[in-house]
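Notes for the structure review
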Amino acid sequence: MSSEFFNSIASKWQLEWERNKIFEANVDYSKPKYLITVPFPYTNSPMHVGHGRTYITADIYARYLRMKGYNVLFPFAFQFTGTPILAIAESIKRGDSDMIEFFKNVYGIEEGKIKELGDPYNLAEYFKNEMMDTAKRIGMSIDWRRSFTTMDPRFEKFVQWQLKKLREMGYLVSEEGVIGYCPNDNFPVGMHDTRGDIEPEITTMHLILFEGAENSYNFMVATSRPELIFGVVALMVNPAANYVIVEYKGKNFVISEKAYRKLSFQKEMKLVKPISPSDVINFKAINPVTRRKIDIIFSKYVDPSLGTGVVMNYPAHDPFHYLALIEANKNLDVIPVVKTEGLGEIPAEEVIVETKDPAELKDFVDSIYKGEYYRGVMNETIVSLVPDFLRQFVKENIANKRVQDARKNVVELLKSLDAYDVIYEIINGPIYCRCGAEIVVKKVENQFFITYDNPRWKSLTLKTLSNIDFIPNEIKKEIEKVIFDLKKEAVGRSRGLGVKIPWDESQIVESLSDSTLYTVLYTVIHKLNFTPNDEILDFIFLGKGNVNDLEKKYGINLRSLRDEFLYWYPVDQRHSGRDLIQNHIPFYIYNHIAILGDDFLPKRIVINGFVRVSGRKMSKSLRNIYPLFKAIREFGVDPVRVSLTSSVDISQDLDFNESIVTTYAQQLKRVFDLIDSLISLKSSTEEVRVADKWLSSKFKDLILIVNKSVESLDFRNAINIMLYEMYNILKDYFDMVEIPNAKVIGKIVSAWIRALAPFTPHIAEELWHKISNTFVCLERYPSADEFDYYPDAVFEMHYINNIIEEVKELEDIVKKKAEKIIIYINENNKLKELVKKAIFSIEKGISMREFIAESAEDVKVSEKIYAIVSKLDPSIRNYLANNDIKEEDILVRNMSYLLKKIGVPEIVIYNAEDPSVPDIKSKKSQAIPLSPSIVLL
């Protein structure tokens, strides 16, 4: 259907909300406060549907709590910092045709305007305005007075103040370290600097130095298994790769050209000359531990970009190494170094007998490695492999030791032989900077780091997680693991937009380090009409200093700023996507603990799954973004809000597609039309009938469930009830009555509109103004207490609907539409008493087996009665326990409804206890109380 219906209504009410300043939140001590925040977006592209899911989820909850009587602040700001904006601006500036076409065709920006976006400030400002416009168009209930950017002087002073605090505490240091690094842009990189938003994961690799034999060059070999040095019988190089000779620590080593390009950023290496692989295999090397002379062989399985491009060959423990010997036609010793329960003496040989398929071998390599590391013990025979002067050390510290323990001692042995070093590798590479260069690991001196690996700080952070409510709950374990594994975070960048490091203005604070505590600014930024200094920030956020002296000194009402902060903080609910679990969320918690303390930790953190478009993950750097403005234009505001937040559970990934949004749009229009028709009903009655009682009772139950669902952020369940269950119940109601009850319908219209308001605020506002001149977004959220509950009516309709469902099931079984229905009922008083006994048994926790044993009736009858009663709602059971039910009266009273819903011209009711009635298809005896027997004719 056309999106114009929804968007015209949305535009109308968005203007009214803005004109009436509906969402401006001010201190009000008469109400409980609630501060909801979302991570501010990078302004290097339009707001996309991934943003939409996180931000609209937060908005729905903000609107819900406002209607529950909370004073809700929902602020928003914009991230200009870092390289993402710079990278895109530079692409445009150099005339990147793909980028320019993407801006034209996907973002809909005119070519003349695109040229202006080659300036990073223009780009950031352009998309800031676009994002603000889109946030308003999607109906976010933001207090825009509190908006700012990360280029704002007030933000800059705040971040510099924050960094100084961390430095004073010893949590921000300058030291040597290794970092992910862009060799083109010459600065450290993190997740938001890379294509695909991938955080470089750096690991340490053992480096073993092999001497060359017979005037050969030396060899530098990286490995994750130094303990297998005893079984190394050769070194391997790739025949198709380029190799070079490099000078390192006064010696010449053979490594691959690709390895040199990487390692030159970690080590002080000097390129001597290239060398061909065919020359390399003419050399020999000396195993530094066994002192045996070993060959250099070719292997196509060597990755020249990993490690040094030279690999140790330990054929007993790696199927690829064993296969390499076979393919090189080398008959070398196979020396088992580790013995492992469950594996053979030479596990690699056993694997090669089974398969030589590289894809299958990889799984075996992983399995052997894990088995040997966790269960393996070093062979005592390795003692005989080493020279005499090493045997005592090997015997006492390595032989017969568990691999996990022996590895450390092997490293110590190699160090004592001057044959050991380390290098660093990006284990999830290759990763590419937004500029296109492959990220390398660089060793740097005097780099500024935030020490997220500080043991005390890490311990405090892990302990305080128990004070934060995580949704979904299992996210807590993920965050615990991330915090446990966190290392130092490089703070500075040499280029990009952002805040300058206060003690080194040549460095820009990187984009994850400047976005860890900024949410405190939301509390005061609208009143902070000057650039604060450290003394002022100390007072506002830490309460340091004498307020009278400070106000006299600066001529500023600092007390009101402090009061604003204390009123609004801490953040009650922080919303984020899953991508920020690896960095922002832990950093956010760390910094709050360090600077503000436990009392100001966020109370709740909500994480939603990713949004995919047609099954593909979105990424700005991969240029497959689905702009939110496009979704609004194509489908309409309220359908997009519902489809992005309520089509799956919050923890699940969501696939945004036309089918889902269109389905919601169509149902929203049906609900709108039905409510509209209820508002304009021309005839009604004051009589309260069974149908009216049932309708009131059902809405009481559903409003209670909707409240619980929204409170727990189970939006999927809430929206299914509001769009489908409520709609279908009203349809059933109008099948029961010709003239509705005015009072009940009035309550339902009011409650239904108010229940929808957080999710579909625009059509809710449109409908509300047909019955009121107030804003529905400021009304009270509906409560179950607004409706009366009638257990007799609930039971009656439960009974009738069960019959309707059973008839339809029977029609499906016989694959024939009934022309006439026979219903046998059983009004036997003895069996009715048994029903009541079953109710009492269930209430007392008596099992079916015990109930049947105590019953004097037929086992099958008792079993059936117990099963029927156990499925009833407790309120219905309570009603049945205290009332006598006349099933025939219920059927007669609802006959017209039954005929209409089943679609037959005739229904005949027989009392199964009456011997004079016919026993059609021998069904008469099957009827028991609450479970009539049904015959289709």
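See the structure shown above.
What comes next is a walk through the structure. Worth saying up front: this structure is predicted, and the values here are computed from it rather than measured.

**Some thoughts on the pattern of salt bridges**
Any two side chains of opposite charge can pair, given that their charged atoms come close. Across all of its chains, the model carries 53 salt bridges by this definition. Residue Lys415 pairs with Glu412 through a salt bridge whose shortest N-O separation is 3.8 Å. Of this pair, Lys415 and Glu412 are both found in helix 14 (residues 403-416), 3 residues apart, which corresponds to roughly one turn of the helix. Asp884 is the salt-bridge partner of Lys832, the closest N and O atoms lying 3.7 Å from each other. A residue pair is termed long-range when its members are at least 10 positions apart, and Lys832 in helix 29 (residues 829-843) and Asp884 in the loop between helix 32 (874-881) and helix 33 (887-893) qualify at 52 residues. Via salt bridges that share partners, Glu24, Asp143, Arg145, Arg146, Lys527 and Glu564 belong to a single interconnected network.

**What to know about the packing of aromatic side chains**
Scanning the entire structure with this criterion turns up 52 aromatic pairs. Ring geometry for Phe78 against Trp144: centres 6.5 Å apart, planes inclined by 10 degrees, an arrangement best described as stacked. With a gap of 66 residues between them, Phe78 in the loop between strand 2 (71-73) and helix 3 (83-93) and Trp144 in the loop between helix 6 (120-137) and helix 7 (153-168) connect regions that are remote in the sequence. Trp144 matches Phe78 in its accessibility class, with the two residues each being buried. Each member of the aromatic cluster is reached from another via a ring pair, and the members are Phe158, Trp161, Phe541, Phe565, Tyr569 and Phe600. The ring of Tyr181 carries Lys442 above its face, with NZ or CZ at 5.1 Å from the centroid. Lying across the ring of Tyr626, Lys630 places its NZ or CZ 5.1 Å from the centre.

**Considerations on the side chain of His317**
Among the structural elements, His317 can be located in the loop between strand 13 (311-313) and helix 10 (319-327). According to the relative accessible area criterion, His317 is buried, its value standing at 3%. Only 2.7 Å separates the side chain of His317 from the side chain of Glu372, close enough to count as a polar contact. Not counting residues up to four positions away in its chain, the partners in contact with His317 are Arg225, Leu228, Ile335, Pro336, Val337, Val338, Pro347, Ala348, Ile368 and Glu372.

**Topic: the sheet that holds strand 27 (residues 654-656)**
Here 3 strands make up an open sheet; going across it, the order is 26-25-27 and the pairing mixed. Of all the strands in the sheet, the pair left with one neighbour each is strand 26 (616-617) and strand 27. Here strand 25 (residues 611-613) pairs with strand 26 via 2 bridges, running antiparallel. Bridging across to strand 26, Arg612 finds its partner in Lys617. Packed on one face of the sheet, helix 2 (residues 49-67) meets strand 25 and strand 27 and runs near 150 degrees to strand 25.

**Notes on helix 23 (residues 658-679)**
Each α-helix winds once per 3.6 residues, and so residues spaced three or four apart point in a common direction. With 22 residues, helix 23 extends 31 Å between its outermost C-alpha atoms, agreeing within 8% with the 32 Å of an ideal straight helix rising 1.5 Å per residue. For helix 23, the complete set of buried residues consists of Val661, Tyr664, Ala665, Gln667, Leu668, Val671, Phe672, Leu674, Ile675 and Leu678. For helix 23, the side-chain oxygen to backbone nitrogen distance between the N-cap and Ser659 is 3.1 Å, and the N-cap itself is Asn657.

**Here we look at the sheet that holds strand 4 (residues 187-188)**
If you trace the 4 strands from one edge of the open sheet to the other, you get 4-3-17-19, paired in antiparallel fashion. Of all strands in the sheet, those with a lone pairing partner are strand 4 and strand 19 (489-490), marking the two edges. For strand 3 (residues 172-182) and strand 4, the ladder comprises 2 bridges, and the chain directions are antiparallel. Among the inter-strand pairings, Cys182 is bridged to a residue of strand 4, identified as Phe187.

**A closer look at the nonpolar core**
Within the largest apolar cluster, 159 residues are counted, with the highest numbers of intra-cluster contacts made by Phe103, Phe656, Leu695, Met722, Leu730, Trp752 and Ile821. Among the elements that make up this core, the one with the highest residue count is helix 25 (residues 715-736) (12 residues). Apart from the residues lying within four places of it in its own chain, the contact partners of Leu730 are Leu674, Leu678, Leu695, Phe699, Ile745, Ile748 and Trp752. Core analysis: the next-biggest nonpolar cluster, separate from the first, contains 71 residues, Val524, Ile556, Leu561 and Phe587 among them.

**A few points about helix 11 (residues 347-354)**
Those residues of helix 11 that fall on the buried side of the exposure criterion are Pro347, Ala348, Val351 and Ile352. The buried residues of helix 11 occupy an angular sector of 135 degrees when the element is viewed end-on, so they sit on one face.

**Regarding the pairing of strand 16 (residues 420-426)**
A large share of strand 16 lies buried, amounting to 5 of its 7 residues. Pairing of strand 5 (residues 202-213) with strand 16, which is carried by 7 bridges, proceeds in the antiparallel orientation. Along strand 16, the bridge assignment pairs Leu207 with Asp421.

**A closer look at the packing of helix 28 (residues 791-814) against helix 34 (residues 895-902)**
Where helix 28 meets helix 34, the closest approach of the two axes is 10 Å, and the angle between their N-to-C directions is 30 degrees. When the interaxial angle is binned, helix 28 and helix 34 end up roughly parallel. Regarding helix 28 and helix 34, the two cross each other, and that crossing is right-handed. On helix 34, the residues touching Met797, Ile800, Asn801, Ile803, Ile804, Val807 and Lys808 of helix 28 are Tyr897, Leu898, Lys901 and Ile902. When its residues are assigned to classes, the contact of helix 28 with helix 34 shows 8 nonpolar, 1 polar and 2 charged.

**Thoughts on empty space enclosed by the protein**
This model, assessed by the stated rule, comprises 3 cavities of 30 Å³ or more. Estimates place the volume of the second largest cavity at around 40 Å³. Taken together, Thr83, Leu86, Ala87, Glu90, Asp185, Cys433, Arg434, Cys435 and Arg495 make up the full set of residues lining the second largest cavity. Looking at side-chain class alone, the lining of the second largest cavity contains 4 nonpolar, 1 polar and 4 charged residues.

Cut-offs applied
- Within every chain, residues take consecutive numbers counted from 1 along the sequence as written.
- Reporting in this predicted model follows two pLDDT cut-offs: at least 70 for local features of residues, and 80 or more for side-chain atom pairs to be given and counted; totals over whole chains, interfaces and linings ignore these cut-offs and use all residues.
- Calculation of side-chain values draws on the structure's entire complement of heavy atoms; hydrogens and water are dropped beforehand.
- Think of a salt bridge as a Lys or Arg side-chain nitrogen and an Asp or Glu carboxyl oxygen that are within 4 Å of each other.
- Helix numbers and strand numbers start at the N terminus; a helix is a DSSP run of H or I with at least 4 residues, a strand a run of E with at least 2.
- Planes of paired rings set the category: under 30 degrees apart is stacked, over 60 is edge-to-face and the rest tilted, where pairs are Phe, Tyr or Trp rings (Trp by its six-membered ring) whose centres lie within 6.5 Å.
- The classification of residues rests on relative accessible area computed with a 1.4 Å probe and restricted to protein chains. Under 20% of the type maximum is buried, over 50% is exposed, and intermediate values are partly exposed.
- Two thresholds decide whether a charge sits over a ring: the Lys NZ or Arg CZ must be within 6 Å of the ring centre and within 35 degrees of the ring normal.
- We define a polar contact as two N or O atoms separated by no more than 3.5 Å, with the added condition that, inside protein, one atom must be a possible hydrogen donor and the other a possible acceptor, whereas residues neighbouring each other in sequence contribute only through side-chain atom pairs.
- Residues are treated as being in contact if the distance between any of their heavy atoms lies within 4.5 Å.
- At least two bridges found by DSSP between two strands is the condition for calling them paired.
- Inter-axis angles, ranging from 0 to 180 degrees, are taken between N-to-C directions of lines fitted to C-alpha atoms, where helices are fitted over the stretch in contact.
- Expected helix span is computed as 1.5 Å times (number of residues minus one).
- As used in this record, nonpolar core signifies buried Ala, Val, Leu, Ile, Met, Phe, Trp, Tyr and Cys residues forming a set joined through side-chain atoms within 4.5 Å.
- The directions considered for the arc run from the helix axis to the C-beta atoms.
- Angles are sorted into four bins: roughly parallel if under 35 degrees, roughly antiparallel if over 145, roughly perpendicular if 65 to 115, and oblique for all others.
- For any pair of crossing helices, the crossing counts as left-handed if the nearer helix is rotated counterclockwise from the farther one by less than a right angle, and right-handed if it is rotated clockwise.
- Residue polarity is assigned by list, with Asp, Glu, Lys and Arg as charged and Ala, Val, Leu, Ile, Met, Phe, Trp, Tyr, Cys and Pro as nonpolar; anything else, Gly included, falls into the polar class.
- Throughout, the protein atoms alone are placed on a 1 Å grid, and a set of points is a cavity if a 1.4 Å probe fits but cannot get out or a pocket if it is open with protein on both sides within 12 Å along at least five of seven lines; lining residues have an atom within 4 Å of a point.
- Grid points are joined across faces, edges and corners, and a volume is the space filled by probe spheres set on the points.

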